[in-house]
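Residue-level structural notes
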Amino acid sequence: MSEKTTNWWTSKLHNLTLFRRRRPDEGFHNFIQIITSNNYFSGAIMFVIFLNVATIAIETSTSLKDSHWLLFAVIDNVFFSVYLLEFAMKLYSDPIAYWKNRYNLFDLFVLVMLVVQVVLDAATEADSGLSALKVVKSLRALRALRSISFIRGLQVLVRALISTFRTAVVDLIVLLLLIMFLFAIMGYYFFGYDATGDKEHWGTLSQCMLSLFTLVTVSRSSVLR
């Protein structure tokens, strides 16, 4: 490409940049981008997450929950408002990049669970023992995992754990099954082969595998003694 052609394309691109339509809220948008990309903003959200986790832990005390139920409800709504504001600011700052970040999607899932909890709380005031409400409230513990979005060391560990699951877990399960199969055959001949053997727990291969699984998980192990 000649220098003349290059200069022509450069001029065209410069003109397009000059005549590009500016956002009417460009100043405010840039301000929000600066805030959401600042380390102090991430630190503040991280601090809120830790406070939220501590509040959830304290709320498990029945006496405190019964005597300060209104305070806990107000605090929970405050945390919900902070998370909702964070979501709105990040989405407004960069609506395309937001959906490409998996940690943002997890944060959004936690936020949706918060919304569901608020709706169920309002709709089932007379029936606080509703199963769906119990499930949603139990998922509040996931808020602690939001800290992964802000701690790079945890992100490295999570990626390594996921990579391990993808590559090695299947092989590990196969190895464990082979070991259990080996000991199941041995258990059959030691404990279930003879006429006087324990036919209930070691009479067949499937019963041997189940008995081994019961012993490994220490579930009803006294029955097998």
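Refer to the structure above for everything that follows.
Along each chain, residue indices are assigned from 1 in the same order as the chain's sequence is written. Two thresholds apply to this predicted model, a pLDDT of at least 70 for residue-level local features and 80 or more for giving and counting side-chain atom pairs, whereas whole-chain, interface and lining totals are computed over all residues. Hydrogens and water molecules were not included; the side-chain quantities draw on all heavy atoms of the structure.

Examining the overall build of the protein chain
Quick note on the threshold: A run of DSSP states H or I qualifies as a helix once it reaches four residues; a run of E qualifies as a strand once it reaches two. Both are numbered from the N-terminal end. Between two residues, a contact is recorded if the distance between any of their heavy atoms is within 4.5 Å. Using a 1.4 Å probe, the Shrake-Rupley method yields the accessible areas, and only the shown protein chains count as cover for residues.
Scanning the protein chain from N- to C-terminus turns up 12 helices and 0 strands. In sequence order, the protein chain lays out its α and β elements as α-α-α-α-α-α-α-α-α-α-α-α. Long-range pairs, those at least 24 residues apart, make up 54% of the contacts in the protein chain between residues at least 6 apart in sequence. Total accessible area on the protein chain stands at roughly 16200 Å², and carbon and sulfur atoms take up 68% of it.

Section: the nonpolar core
Inclusion rule: Side-chain atoms within 4.5 Å link the members of a nonpolar core, which is a set of buried Ala, Val, Leu, Ile, Met, Phe, Trp, Tyr and Cys residues. Categorising residues by exposure relies on relative accessible area from a 1.4 Å probe, with only protein chains included: less than 20% of the type maximum marks a residue as buried, more than 50% marks it as exposed, and the intermediate range marks it as partly exposed.
Among the nonpolar cores identified, the biggest contains 16 residues, and Y83 and L111 are the most heavily contacted of them. Those elements that provide at least two residues to this core are helix 3 (39–59), helix 5 (69–93) and helix 7 (102–123). Residues contacting L111, with those up to four places away along its chain left out, are F80, Y83, L84 and F87. By size, the runner-up hydrophobic cluster in this structure holds 5 residues, among which are M180, W202, C208 and L212.

Considering the packing of aromatic side chains
Condition: Here a Phe, Tyr or Trp ring, Trp counted by its six-membered ring, pairs with any other such ring whose centre lies within 6.5 Å, and the pair is stacked when the planes are under 30 degrees apart, edge-to-face when over 60, and tilted otherwise.
According to the stated counting rule, one finds 6 aromatic pairs in the structure shown. Ring centres 5.3 Å apart and planes at 50 degrees place the aromatic pair F191 and W202 in the tilted group. In this pair, F191 sits in helix 10 (residues 169–192) while W202 sits in helix 11 (residues 199–202), placing the two residues 11 residues apart along the sequence.

Section: the side chain of E86
In this structure, E86 sits in helix 5. Setting aside anything within four residues of it in sequence, one finds E86 in contact with F41, I45, R146 and F150.

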